[in-house]
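Here is how the chains run, residue by residue.
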Amino acid sequence: MTTALILGAAVWADGPSPTLRRRTLHAAALYHAGTVNHLIPCGGIGRHPPSEAVAMTALLVAQGIPPRAITPEDRSTTTFENIQLALPLLQTPDVIIVTDAYHGPRALMTARALGLTARISAPPIRGSNPVTQIRGGLREIPALLLYRYRLGRLTARSQKPK
C-alpha cells in the first residue's frame, strides 16, 4: 500500500485556497494513476472552517476517490504536525508527500527526521500565481533553517541515553 500525505494549506472564507486545491487535485491524479492507493489529507482548522483535511476530503470525493481510501488528519497546524499526527494513520513508513515544490525540502527533512521513507510529488506550477510561488519560496528560506535547527535538537534529544 502506498500512501500520499497531502500537506495542508489555507481554507479561505469562500472555500479551499488555490494552493490547497492544487495539492489535492494532484493527489487525486496520483490515486487515479495507481501511484497511491491511500490518501491522508492533513490540516486542522485555520482562519476559516472547515478544517483543511475536511476541505481536501470533499475535493477528493468530488474527484471520484472512494471515502474508504481517505483517512483525514484534521488537528495539525504546521508542517511538523501534519506529518507527526499522520504517523499513527500510516500502514507503512514509505510515503509520498504531496506539497508544492518550494515546500518540499522542508517537508522531506521533517518526514525523514520522524522516521519515514518519503519522497515528494509536487503539482505543476503552471496556472498558479507566480507571486504566490515566489513568496512561498522566500518564506521557506528561514522556515527551512528553523526546522533544521529544531529537528536537530529533537533528534539529539531522542538519541540521549536514558
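Residues numbered from 1 in each chain as written. Predicted model: local features only at pLDDT ≥ 70, side-chain atom pairs only at ≥ 80, totals over all residues. Heavy atoms only, no water.

### Here we look at the overall build of the protein chain
- Secondary structure summary: the protein chain contains five helices and six strands in total.
- The linear arrangement of helices and strands in the protein chain, starting from the amino end, is β-β-β-α-β-α-α-β-α-β-α.
- By residue count, 45% of the 162 residues in the protein chain fall in the buried class.
- For the protein chain, the accessible surface area stands at approximately 8,700 Å², while carbon and sulfur atoms represent 58% of it. (Helix = DSSP H or I, 4+ residues; strand = E, 2+ residues; numbered from the N terminus. Buried < 20%, exposed > 50% of the residue type's maximum accessible area, 1.4 Å probe, protein only. Areas by Shrake-Rupley, 256 points an atom, 1.4 Å probe, with all protein chains shown as cover.)

### A word on the sheet that holds strand β5 (residues 94-98)
- Pairing is parallel in the open sheet, where four strands are placed in the order β4-β1-β5-β6. Of all the strands in the sheet, just β4 (38-41) and β6 (117-121) have a single pairing partner and so form its edges. Neighbouring strand axes in the sheet, compared pairwise and without regard to direction, differ in orientation by 25° on average.
- On top of the sheet, helix α1 (residues 18-32) reaches β1 (3-6), β4, β5 and β6; it is set at about 140° to β5, its chief contact. (Pairing = 2+ DSSP bridges. Axes fitted to C-alpha atoms, helices over the stretch in contact; angles between N-to-C directions. Contact = heavy atoms within 4.5 Å.)

### Some thoughts on helix α4 (residues 104-113)
- The buried fraction of α4 amounts to seven of the 10 residues, a majority that puts the element mostly inside the structure.
- Regarding α4, the residues found buried are G104, R106, A107, L108, M109, T110 and A111.
- Just downstream of α4, G115 is the residue with a positive phi angle, here 90°.

### Notes on the pairing of β6
- Note: β5 against β6, five bridges, orientation parallel. Across the sheet, residue V98 finds its bridge partner in β6, namely S121.
- Where the polypeptide runs from β5 across α4 and back to β6, its parallel neighbour, the crossover connection is right-handed. (Right-handed = clockwise from strand over helix to strand, strands pointing away.)

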